[in-house]
Amino acid sequence: MSSSFATQLTSVPTSALDVQVRPGKPPLLQVGATEDASRWASEHRDALRAAVVEQGALLVRGLGLRDVAEVAAVFRQLGHLMTEREAFAARQRYADDLYSSSKWPPSQPMCMHHELSYALEFPSTMLFACLAAPPEGGATPLADAASVLQALPSELLDRFERVGWLLIRNYNGEIGASIADAFGSDDRRAVESYCQANAIRFEWQQGGGLRTWQRRSAIVRHPCTGQRCWFNQIAFLNKWTIEAEVREYLVDIYGEDGLPFNTHFGNGDPIGPDIVQLLNEIYEANTTRDRWQSGDLMLVDNIRTAHGRERFKGLREVLVGMADAVSLADCSPTIEVIGG
C-alpha cells in the first residue's frame, strides 16, 4: 500500500458512516438493503477503507449479498484483488481471485493468524462475505495485533524480534495444500523458480514430495500508520495447536519432520507448547467476535488485525478476497528474510 494511498485513506472523513464501536464485537456499519451493492461499494469505498484504517476492521450488515457474482462485483470495487500463492490449505476458486474460506475441518478451530504473513507479498486487506451463516458457531473472530504485541512478555518479544520465526512445510499430496495449490503449478522448474525468488529454501523428497523452509519477521510496522504489530502465523501453524489425536496420527504416519507445517524460532530452536498456549491465550484476551448473518460483508486490515475461524455445525459459505498487495520490505521487518 503506497504512502500516497495511505494519505488518501486517512484523509477521508468517516463521520458520514455511522460506525458503531461495540465492546467485545467488531465495529459495525448497519446499512439499508440496496438493489446494486456494487454501486454502493463504489460510492462508499474511500470512507469504508478509511474506517478500516481507523478501526482495524469493519462489519457491514444489511447489504443482503446474495450470490457469488454480486460478491465478486463488490470486492472488485473495494480493492485490487490478488492471486493467492503459498496457501496452507486448499480453497475452492469461484472466479478470478475470489475464493472460498480455507477447507478446514468444521470441528477444528482455526487459530488467529495474519493471511500469508509468511510470504514476501501479502494482502493489506482481507474481504469476507457471508452467503450462508451456519446455525451454530463459525464466527470469524478478530484480534488487534498491536494489543497482542503489548501483552507479550518482553523476553519472548525480544527473542522473536532478534531471530524472527521459521516456517517448515511438507507437501506430500495427501495432507494440506498440494504443490499446485501453493505455487500455482506442479512443474518443478516453476516451483524452484518461485522459491528462489521468494527466499524459500527447498528440498525435493522421495516420491515427489517437497519440503521448504522460510524465515520471516514476527514483528512489522504498519505501512500506513507506522504502528508496530505482531504479524505472523507462529501459533496457528505450530504442531502444538493441532489437536492431540490428529497430531499423534500425523507424527505416526509422517514422522516429526514430515508434518504438513510447523513453526520454530528463526534460528531453528523449537517452540514449545507453553509458548503456543501463551500466544493463544493472549489472542483470546484481545479478541472480538460476532456471529455471521447471511448477506454480511466484512473488511479486515490484515496487518493490524488477526483473524481466525471458530468451530461450526451446518452449512457455512464465506467467500474471501485478498486485496491491495503490500511487500514485507515496506513494513520494516526486524530481521533479514532468508529461506531457512
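Residues numbered from 1 in each chain as written. Predicted model: local features only at pLDDT ≥ 70, side-chain atom pairs only at ≥ 80, totals over all residues. Heavy atoms only, no water.

Colleague: Please explain helix H2 (residues 37–55) as it appears in this structure.
Modeller: The α-helix advances 3.6 residues per turn, and as a result positions three or four apart in sequence lie on the same side. For H2, with 19 residues, the first-to-last C-alpha span of 22 Å runs short of the 27 Å given by 1.5 Å per residue. Where H2 bends most, at His-44, the angle is about 65°. By the burial criterion, the buried members of H2 are Ala-37, Ser-38, Trp-40, Ala-41, Arg-45, Ala-47, Leu-48, Arg-49, Ala-50, Ala-51, Val-52 and Val-53. Structurally, the start of H2 carries an N-cap: the backbone nitrogen of Ser-38 is 3.3 Å from a side-chain oxygen of Asp-36. Within two residues after H2, Gly-56 carries a phi angle of roughly 95°, on the positive side. (Helix = DSSP H or I, 4+ residues; strand = E, 2+ residues; numbered from the N terminus. Expected span 1.5 Å × (residues − 1). Bend = angle between axes of the 7 residues up to and from the residue. Buried < 20%, exposed > 50% of the residue type's maximum accessible area, 1.4 Å probe, protein only. Polar contact = N/O pair within 3.5 Å; in protein donor to acceptor, adjacent residues only side chain to side chain.)

Colleague: Teacher, can you tell me more about the side chain of Asp-296 here?
Modeller: Take Asp-296: it is sitting in the loop between strand S16 (287–288) and strand S17 (297–301). Polar side-chain contacts of Asp-296 include one of 2.7 Å to the side chain of Arg-61. Those residues in contact with Asp-296 that sit more than four places away from it in its chain are Leu-59, Val-60, Arg-61, Leu-65, Phe-128, Ala-129, Cys-130 and Arg-291. (Contact = heavy atoms within 4.5 Å.)

Colleague: Looking at this structure, I do not really get helix H3 (residues 68–78). What am I missing?
Modeller: Regarding H3, the residues found buried are Glu-70, Val-71, Ala-72, Val-74, Phe-75 and Leu-78. On its buried face, H3 is in contact with H2, strand S5 (98–100), strand S7 (121–132), S17 and strand S20 (317–327). Two or three places before Ala-69, at the opening of H3, Asp-67 has a side-chain oxygen 3.3 Å from that residue's backbone nitrogen.

Colleague: In this structure, what is going on with the packing of aromatic side chains? I would like to understand it.
Modeller: Applying the stated criterion to the full structure yields nine aromatic pairs. The interplanar angle of 70° and the centroid separation of 5.5 Å between the aromatic rings of Phe-183 and Tyr-194 together place this pair among those described as edge-to-face. Note that Phe-183 is positioned in helix H6 (residues 179–183) and Tyr-194 in helix H7 (residues 188–197), a separation of eleven residues in sequence. Considered together, Phe-183 and Tyr-194 belong to a single accessibility category, that of buried residues. Ring pairing ties together the aromatic residues Phe-88, Trp-104, Phe-236 and Phe-261, which thus form one cluster. Of note, Arg-201 hangs over the ring of Trp-213, and the distance from its end group to the ring centre comes to 4.0 Å. In this structure, Arg-316 packs its charged tip against the face of Phe-312, placed 5.7 Å from the ring centre. (Phe/Tyr/Trp six-rings, centres within 6.5 Å; stacked < 30°, edge-to-face > 60°. Lys NZ or Arg CZ within 6 Å of the ring centre and 35° of its normal.)

Remember that the coordinates give geometry; whether it matters functionally is a separate question.
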